[in-house]
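What the coordinates show
So you can see what is in the structure, the chains are spelled out below.
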2 protein chains.
Amino acid sequence: MQITVLAGGIGGARFLTGLRQHLRAAYPDGNGGSTAEVTVIGNTGDDIRLYGLQVCPDLDTVMYTLGGGISAERGGGREDETFAVKQELAAYGAEPTWFGLGDRDTATHLVRSQMLAAGYPLSAVTEALCARWQPGVRLLPMTDDRVETHVIIDGDSPGTRKAIHFQEWWIRHRAAIPAHGFVLVGVDDAKAGPGVAEAIRDADVVILPPSNPVVSVGMILAVPGVRDAVREARGPVVGLSPIVGGAPVRGMADACLTAIGLEVSAAAVARHYGARSAGGLLDGWLVHTPAAAEANESAAADDAHYVAELTAAGIRTRAVPLLMTDLAATTAMAAAALDLAATLRPAATPGG
Amino acid sequence: MQITVLAGGIGGARFLTGLRQHLRAAYPDGNGGSTAEVTVIGNTGDDIRLYGLQVCPDLDTVMYTLGGGISAERGGGREDETFAVKQELAAYGAEPTWFGLGDRDTATHLVRSQMLAAGYPLSAVTEALCARWQPGVRLLPMTDDRVETHVIIDGDSPGTRKAIHFQEWWIRHRAAIPAHGFVLVGVDDAKAGPGVAEAIRDADVVILPPSNPVVSVGMILAVPGVRDAVREARGPVVGLSPIVGGAPVRGMADACLTAIGLEVSAAAVARHYGARSAGGLLDGWLVHTPAAAEANESAAADDAHYVAELTAAGIRTRAVPLLMTDLAATTAMAAAALDLAATLRPAATPGG
C-alpha cells in the first residue's frame with residue numbers, strides 16, 4: 001500500500017499522525033509499524049530566508065510533529081522552546097522582529113542552510129534532517145528550487161498594489177490585511193522535486209488532507225508537473241475538507257479563499273479542486289458531519305447536505321466527523337479517507 | 001591622545017577595561033568619558049566558520065567585554081548564556097561538537113554572517129555590531145580578508161605532519177598536542193584592514209597588551225604591512241609581558257611559545273618582539289614584580305631581574321604588578337604602560 005499526501009503545515013501534519021496510526025492497525029508489519037508506505041509532498045511556498053537562514057515552516061512542522069518534537073501548544077516549532085537568539089537579534093535591530101524563531105528551531109535552520117550552501121538540494125537536506133526525526137514517512141519538498149508565496153495587497157498609495165511575503169502577511173498581519181491573490185514567486189523556473197511526480201502517479205491512494213487549499217495544497221499544485229501528476233494518478237484522489245460549517249477548522253484559510261473569490265464552504269473547496277472526471281483533481285471528498293455526541297447539540301456544524309450535490313458533480317462525497325480533536329478522531333478520519341478511496345478504484349489498492 | 005592596542009581575546013580585552021578606566025581619569029572629557037581615543041586592532045586568526053556561521057572569538061570577546069555583555073565566569077561568550085542551539089546541533093550530528101556555541105552568541109554570528117554574505121567587509125560588520133555594544137573603543141579587525149590560524153601537529157602516521165584549525169587545537173585538545181608551529185592560512189593574499197596601518201603609524205602610543213604573543217599579537221603582526229607600521233610608528237611602542245615567573249598569567253600561551261622554540265619567560269617574549277632600535281618592535285616593556293602585599297610571600301613570582309638586561313638590549317623595561325586581578329590592578333597596569341611611554345618619546349604625547 002503506497003499512499004501519497006500533499007501536505008501543508010499544522011493541519012496536514014496532524015492528519016498524518018492519524019494516518020500513521022491507522023496504517024499501523026490496518027497494515028501491521030508485526031513490529032509496531034506498518035507495511036504501508038506514506039510519501040508526503042511538502043509545501044515549500046511558506047519558506048523564507050531570515051537572518052541568512054533558510055526556514056521551511058511547513059516541512060519542519062511535518063517533521064517535528066511526526067518526529068515527536070513539535071510544540072503542541074504553539075502548533076509549530078519545537079517543544080520546550082526558548083527564544084534567546086530571537087531576543088538578541090532584536091537587540092541588534094535585525095529585521096524582521098515578528099518571526100518567532102526559537103533556539104532549538106534555529107539549529108534545524110543552521111543545518112539546512114549549511115547543507116544548501118554546500119550544494120545539497122533541499123530534498124537531500126530534508127532527508128538528512130529526517131534521519132534524526134524518523135517521521136515514519138518519506139518527506140519530499142514539492143520542489144528543490146527556491147520558490148516563495150507572496151501575497152498581493154493594497155499598496156501605500158491609492159490604486160496601487162504590492163506583494164509581501166506570505167509569512168509577513170500570515171504572522172505579522174495575522175491575515176487581517178485584505179489579500180487580492182497569491183503568487184508563487186519563482187514557480188516559472190521551478191520543477192517538481194525528485195520523486196514527487198512519481199510518488200503521486202504511482203500511489204495506490206492520493207490524499208489531499210485538510211490543509212489550506214490555497215496557500216498550502218494550492219502552491220504544491222502550482223509547481224509545474226504536479227497538477228498533471230494528480231490528474232494522471234493511477235490511484236483515486238481523495239480530499240478532506242478543511243472547512244467545517246463555513247469556517248476553517250483552524251488557521252485563517254477563510255482569508256485565503258476569499259482572496260481568490262471563493263465561498264468559505266466545504267463545497268466551494270471541492271468545486272475549486274474539481275472532479276477528476278471533469279478535468280479536476282478529486283475522485284472523493286469528505287465533508288464534516290458531527291459525531292453522535294456532537295449531533296445532539298443544535299449548533300453543531302454539519303456539511304452533510306453537500307453530499308448529494310457534490311456526488312452528482314462527479315466527486316463521491318461522504319460526511320464523517322472531521323474535527324481532529326485527538327488522535328482517535330484523527331485516526332478515524334484517515335480510515336474514512338481510505339475507506340472512501342477503496343470504493344472508488346478497488347483495483348488500485350491491492351496487496352498491502 | 002590616540003592609543004592603538006593590538007589585542008587578542010581575554011587578556012587583551014581585560015587590559016582594555018583597565019586602559020579605558022585609566023583614560024577616563026587621566027584625560028577626562030567632563031562627561032564620564034575620556035578625550036583620549038583608543039583603536040583596537042583585533043586578531044581574526046582565531047576566526048572559524050561553524051555551521052555556516054562566521055565566528056570571530058577574539059573580536060567578540062573585546063566587544064562583549066567592553067560592552068558589558070561578557071561571561072565573567074567563562075571569560076568568553078555571553079553572560080547568562082544558554083546552549084539549546086548547540087545541543088540541537090549535536091542531536092543532528094553536526095560537527096564539530098567541541099565548540100561552545102551559545103544561543104545569545106549565535107545571534108551575533110547570524111548578524112555577522114548575513115552581512116558578510118550581503119557583501120559587507122568584516123570591518124563594516126564589526127562596526128555595525130559595535131553600534132549595539134558601544135565598547136568605547138574603535139575596534140578594527142586586523143584584516144577584512146579571511147585568514148585562519150592553523151596549528152601544525154604530528155600526522156596520523158609516523159614522520160608526517162598535519163594542520164588543524166587553531167580552535168580545534170585550543171578548545172578541543174586544550175593545546176595538549178605538541179605543536180610544531182602556527183600558520184596563518186590566507187595571509188599571503190591578505191592585506192591590513194582599512195585604517196589599521198594608519199592607526200598604528202599615527203598613534204601617540206602603541207600598546208602590545210598581555211595577549212598571547214604567538215597566536216594573538218603574532219598573527220596581527222603577520223598581516224602584510226602591520227609589522228612595518230609598528231616599526232614605523234611615530235609614537236613609542238610599549239608591551240606588557242603575558243608571562244609571569246615563567247608561566248602565562250592565563251591561558252596556554254606556554255604551549256605556543258614552546259612550539260616556536262621560545263623559552264617561557266618575560267625576557268624571551270621581549271626578545272622575540274625585539275627592540276625597535278634593532279629592527280624589532282618594542283621601545284618599552286613591562287615585566288611583573290609583586291605588589292607590596294604579594295612581595296611578602298616568598299613564592300611570589302618576580303621578573304624584576306630582567307629589567308637591566310632588557311633595558312641594556314634597547315628595550316626600556318620596568319617592573320610593575322602585572323596581575324589583572326581586578327579593575328584597579330588592571331587600571332594601574334595601563335597607567336604604568338602610558339607612564340613608561342611618556343619617558344620614551346615625550347614629544348609624541350602632546351595635548352590630550
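Residues numbered from 1 in each chain as written. Chains lettered and ligands numbered in written order. Predicted model: local features only at pLDDT ≥ 70, side-chain atom pairs only at ≥ 80, totals over all residues. Heavy atoms only, no water.

1. Some remarks on the interface of chain B and chain A
The line we're drawing: Pairs of residues are marked as contacts when any of their non-hydrogen atoms sit within 4.5 Å. The term buried area means the drop in 1.4 Å probe accessible area that two parts suffer when joined, counted for both and summed. Throughout this description, the term salt bridge denotes a Lys or Arg side-chain nitrogen within 4 Å of a carboxyl oxygen of Asp or Glu. The definition of a polar contact used here is a pair of N or O atoms within 3.5 Å, where within protein one atom must be able to donate a hydrogen and the other to accept one, and adjacent residues in sequence count solely through side-chain atom pairs. What counts as a helix is a DSSP run of H or I of at least four residues, what counts as a strand is a run of E of at least two, and both are numbered from the N terminus. Note that Gly is not counted as nonpolar here; it falls among the polar residues with everything else outside the nonpolar set of Ala, Val, Leu, Ile, Met, Phe, Trp, Tyr, Cys and Pro and the charged set of Asp, Glu, Lys and Arg.
In this assembly, 25 residues from chain B lie in contact with 25 residues from chain A. Where chain B abuts chain A, roughly 2000 Å² becomes buried across the two surfaces, and 67% of that area is made up of carbon and sulfur atoms. Along the contact surface separating chain B from chain A lie four salt bridges. A salt bridge links glutamate 88 of chain A to arginine 132 of chain B; the shortest N-O distance between them is 2.7 Å. One can count eight residue pairs in polar contact (both at pLDDT 80 or more) joining chain B with chain A. Counting residues per element, the ones that place at least two in the side of chain B that touches chain A are α2 (57–67), α3 (84–91), α4 (103–117) and α5 (122–133) of chain B. Across the side of chain B that touches chain A, the residue classes tally to 15 nonpolar, five polar and five charged.

2. Quick look at the sheet that holds strand β13 (residues 284–288) of chain B
Residue and element names in this part refer to chain B. Operational definition: Paired strands are those between which DSSP finds at least two bridges. For helices, the fitted line uses only the C-alpha atoms of the stretch in contact; every axis is such a line through C-alpha atoms, and the angle between N-to-C directions lies from 0 to 180 degrees.
Read from one edge of the open sheet, seven strands run β5-β2-β1-β9-β10-β13-β14, paired in parallel fashion. Each of the sheet's edge strands pairs with one partner strand only, and the pair in question is β5 (138–141) and β14 (316–320). Ignoring strand direction, the axes of neighbouring strands in this sheet form an average angle of 20°. Where strand β1 (residues 2–7) and strand β9 (residues 205–208) come together, three bridges link them in parallel fashion. What sits directly across from threonine 4, in β9, is valine 206. Sitting on the sheet, helix α11 (residues 266–273) touches β9 and β13, and the angle it makes with β13 is about 165°.

3. Here's the deal with the environment of leucine 89 of chain A
Its location among the elements puts leucine 89 of chain A in helix α3 (residues 84–91). For the pair leucine 89 of chain A and tyrosine 51 of chain A, spaced 38 residues apart in sequence, the C-alpha separation works out to 8.7 Å.

4. Some points on the relation of the copies chain B and chain A
Counted only if it meets this: The least-squares superposition of copies is restricted to C-alpha atoms, and to residues with a pLDDT of at least 70 in both copies.
For the pair chain B and chain A, the relating rotation is 180°, the translation along its axis is 0.0 Å, and the fit reaches an RMSD of 0.0 Å. Both copies of the chain, as the preceding transformation shows, are related through a two-fold rotation axis. Looking at the rotation axis and the C-alpha trace of chain B, the residue lying nearest is aspartate 103 of chain B, at 3.3 Å. Interface residue correspondence from chain B to chain A reaches 100%, placing this contact among same-surface, isologous pairings.

5. What to know about unusual backbone geometry
Residue and element names in this part refer to chain A. Here the residue pair glutamate 95 and proline 96 is connected by a cis peptide bond, since its omega of -5° sits within 30 degrees of zero. By secondary structure assignment, the location of proline 96 is in the loop between α3 and α4 (103–117). Even without being glycine, aspartate 80 reaches a positive phi, approximately 50°. Inspection of the secondary structure puts aspartate 80 in the loop between α2 (57–67) and α3. Phi is positive for alanine 175, which is not a glycine, with a value near 55°. Inspection of the secondary structure assignment puts alanine 175 in the loop between α6 (166–172) and β8 (181–185).

6. Quick notes on the nonpolar core
Our working rule: Joining through side-chain atoms within 4.5 Å is the link that ties buried Ala, Val, Leu, Ile, Met, Phe, Trp, Tyr and Cys residues into a set, and such a set is a nonpolar core. Only protein chains enter the calculation, and the probe is 1.4 Å; a residue is then buried if its accessible area is under 20% of its type maximum, exposed if over 50%, and partly exposed in between.
One finds Leu19 of chain A together with Leu19 of chain B to be the most contacted residues of the largest nonpolar core, which totals 116 residues. Those residues in contact with leucine 19 of chain B, other than ones at most four positions away along the chain, are Ile3, Val5, Val38, Ile207, Ala334 and Leu338 of chain B. Core analysis: the second largest hydrophobic core is formed by 55 residues, Ile220, Val223, Ala267 and Val287 of chain A among them.

7. Let's talk about the pattern of salt bridges
Counted under the stated rule, the structure contains 26 salt bridges over all chains. Members of the salt-bridge network, linked through shared partners, are Arg78, Glu79, Arg104 and Arg132 of chain A together with Glu88 of chain B.

8. Observations regarding the domain arrangement of chain A
Reports of interface size often rely on the accessible area that becomes lost once the parts have come together. All names here are of chain A. Convention followed: Domain borders in the structure are assigned automatically or taken from a domain database.
By the assigned domains, chain A splits into domain 1 (1–45 + 142–147 + 186–352) and domain 2 (148–185). Just the C-alpha atoms count here: the centres of domain 1 and domain 2 sit 26 Å apart. Contacts between the two partners involve 19 residues from domain 1, matched on the other side by 14 residues from domain 2. Surface buried jointly by domain 1 and domain 2 totals about 1200 Å² across both partners, of which 71% is contributed by carbon and sulfur atoms. Contact with domain 2 buries area across many residues of domain 1, yet Met219, Met252 and Ala259 alone supply 40% of it, more than any other trio. Taken together, the connections running from domain 1 to domain 2 amount to one salt bridge. For arginine 146, the salt bridge identified is with glutamate 148, shortest N-O distance 3.3 Å. On inspection of domain 1 and its partner domain 2, the count reaches four residue pairs in polar contact (both at pLDDT 80 or more). Among the elements of the structure, α8 (217–222) and α10 (253–259) are those that each provide at least two residues to the side of domain 1 that touches domain 2. Residue contributions to the side of domain 1 that touches domain 2 peak at four residues, all from α10. Considered class by class, the residues forming the side of domain 1 that touches domain 2 number 14 nonpolar, four polar and one charged.

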